[in-house]
Amino acid sequence: MGPLEELSEIAGGLENEYTARWKEQGKKVVGYACTYLPEEILYAVDLLPYRLSGRGAQDTSNADAWLSRVNCSFCRYCLELGLTGEYNFLDGAVFTNGCDHIRRTYDNWSEHEQALPFMYILPIPHVLDEDGYRWYKEEVMTFRDSLENHFGVKVMPGKLAAANSVYNQTRRLLRQLYNLQAGQAPPFTGAEMLAVLTAGSRIPKDEYNRLLESLIEEAETRPGIEGRTRLMIAGSFMDDPEFIKNLEGQSAVVVTDTLCMGARSCWDLTKETGDPLEALIRRYYHHASCPRMAGEYKNRLAFVQEQIKLAKVEGVILEHIMFCDLHGTDNALLKGDLEKTGLPVITLERQYGPLADSGRIRTRIQAFLERIGG
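Owing to the predicted nature of the structure, the values given are computational and were not obtained by experimental measurement.

This paragraph deals with the pairing of strand 8 (residues 345-350). On a regular strand, each side chain points to the face opposite its neighbour's, so the side chains alternate between the two faces of the sheet. In this structure, strand 7 (residues 315-321) lies alongside strand 8, joined through six bridges in parallel fashion. What sits directly across from His320, in strand 8, is Glu349. Considered for its hand, the β-α-β crossover made up of strand 7, helix 14 (residues 325-339) and strand 8 is right-handed.

This is the structure in structure tokens:
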């Protein structure tokens, strides 16, 4: 099995051979729900960070009794898997106050009989300034102390520095993949790239780095994709390669993104000199922001425009999950500003979960591609 096939298989389910092997060694696995959580703190004490997903649930019948259907479907699908015991292989879960929907997911799951042994919410400021940074630093250090007390571990500076180095290597390798995708003939479809990114959020980073190195070698032997319309996707949390595959069809290819589990997660490195905890906290606080950060729209627009230029994007898809006011509002602003430059843009409101409305979305994308082709 090649690296792409292995990574795609990992992305297709919840548990995988790496999490199973990790548990067999007596180590713990901790879920998390937001890229503002400094994963390296977990990794430094042999707690495997595992990005929570709602994939695998066929409906939200149990979650809807706790979190009504006028809430984000991603949150409801995650809660569904938690309440039905599908996440019992986790030893804990860490949430943030990224939005009210994910906060309520934590509130309901933590009070349910299926609550995990360690449930924690990490408060994140909504502004990027020195006062906010001091607040965030205090909260991260409190979180570190809670981890140490619950799991009986100690976050040592040397181990944390080593974890920072491993994660920086992941980001460098992912940047190499993004650079390859930005070339004239991308080696992978957008669906394949999303599978690669998703897999990396649920296995040990040293193992992931090994697979990424093999994948980059494989990319050099692939014929590449030419003659398709080059698209970028931005917006709400996305971990479903089938959704991207439906967008691409036979005439388009997603060559870049500004998703939280995609480009925004790997574009900023952690400084590897000085105090490793201080460097880690500063990196996570100031990394490419999502719409939850107030007053940062101009920086987000600049990041989107940077990706458009690097990957020679011909059209932009701005998607958001229904009831996600943060991304819905941000996408409306982005659409207006990007269209002023003459770039074709389409906004899609979607539901998370099985592609019940795949036909509607495919029809809209086909019309969008026809508009780009002129």
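So much for the structure itself; the text now carries on.
Enumeration according to the criterion identifies 22 salt bridges in this entry. We note a salt bridge from Arg210 to Glu207, for which the minimum N-O separation is 3.1 Å. One end of the pair, Arg210, and the other, Glu207, are both in helix 9 (residues 205-219), three residues apart, so they sit about a helical turn from each other. Among the ionic pairs, Glu319 bridges to Arg350, the shortest N-O distance being 2.6 Å. One end of the pair, Glu319, is in strand 7; the other, Arg350, is in strand 8, and 31 residues separate them in sequence. Classification of Arg350 by relative accessible area gives buried; the value is 3%. What you see here is one network of salt bridges that share partners, running through Glu130, Lys137, Glu278 and Arg282.

This part covers the sheet that holds strand 5 (residues 229-235). Taken in spatial order, the four strands of this open sheet run 6-5-7-8, and their pairing is parallel. One side of each edge strand has no neighbouring strand; the edge strands of this open sheet are strand 6 (252-257) and strand 8. Strand-to-strand twist of the sheet, defined as the mean angle between neighbouring strand axes without regard to direction, takes the value 30°. Here helix 15 (residues 358-373) sits on the sheet and contacts strand 5, strand 6, strand 7 and strand 8; the angle it forms with strand 8, its principal contact strand, is near 175°.

The sheet built from four strands is open, its strands ordered 2-1-3-4 with parallel pairing. Either end of the sheet is taken by a strand with one partner, and the two such strands are strand 2 (47-51) and strand 4 (118-122). Here the strands of the sheet are splayed against their neighbours by 25° on average, with no regard to which way each runs. Bridge analysis of strand 1 (residues 28-32) against strand 3 (residues 92-96) gives three bridges, and the strand direction is parallel. Bridge pairing in strand 3 links Gly31 to Ala93.

A separate point is helix 12 (residues 276-286). Summarising burial for helix 12: eight of the 11 residues are buried, a large majority. Along helix 12, the positions that sit buried rather than exposed are Pro276, Leu277, Ala279, Leu280, Ile281, Arg283, Tyr284 and Tyr285. Among the structural elements, helix 3 (39-43), helix 6 (130-151), helix 7 (157-181) and helix 11 (263-266) are those in contact with the buried residues of helix 12.

Counting residues in hydrophobic clusters, the biggest one holds 34 residues, and the most contacted among them are Phe74, Tyr87, Leu90, Phe95 and Trp109. Mapped by element, the contributors of at least two residues to this core are strand 2, helix 4 (73-83), strand 3, helix 5 (100-111) and strand 4. When residues no more than four places from it in sequence are discounted, the contact partners of Phe74 are Leu52, Ser53, Gly54, Ile102, Phe237, Ile321 and Tyr352. Counting residues in hydrophobic clusters, the runner-up holds 33 residues, among them Ile41, Ala44, Val94 and Leu280.

About the thresholds
Here the residue numbering is sequential within each chain, running from 1 through the sequence in written order. Thresholds applied to this predicted model are a pLDDT of at least 70 for local features of residues and 80 or more for the giving and counting of side-chain atom pairs; totals over whole chains, interfaces and linings are not thresholded and use all residues. Hydrogens are left out, water is left out, and the side-chain values use all remaining heavy atoms of the structure. The pairing criterion is simple: DSSP has to find at least two bridges between the two strands. Counting from the N terminus, the helices are the DSSP runs of H or I reaching at least four residues and the strands are the DSSP runs of E reaching at least two. Crossover handedness is defined here as right-handed if the route from the first strand over the helix to the second strand goes clockwise, with the strands pointing away from the viewer. We define a salt bridge as a side-chain nitrogen of Lys or Arg found within 4 Å of a carboxyl oxygen belonging to Asp or Glu. Exposure classes here rest on a 1.4 Å probe applied to the protein chains alone. A residue is buried below 20% of its type maximum, exposed above 50%, and partly exposed in between. Angular values range over 0 to 180 degrees, each being the angle between N-to-C directions of two axes fitted as lines to C-alpha atoms, with helices fitted over their stretch in contact. We call two residues in contact whenever any of their non-hydrogen atoms come within 4.5 Å of each other. In these notes, a set of buried Ala, Val, Leu, Ile, Met, Phe, Trp, Tyr and Cys residues joined through side-chain atoms within 4.5 Å is what counts as a nonpolar core.

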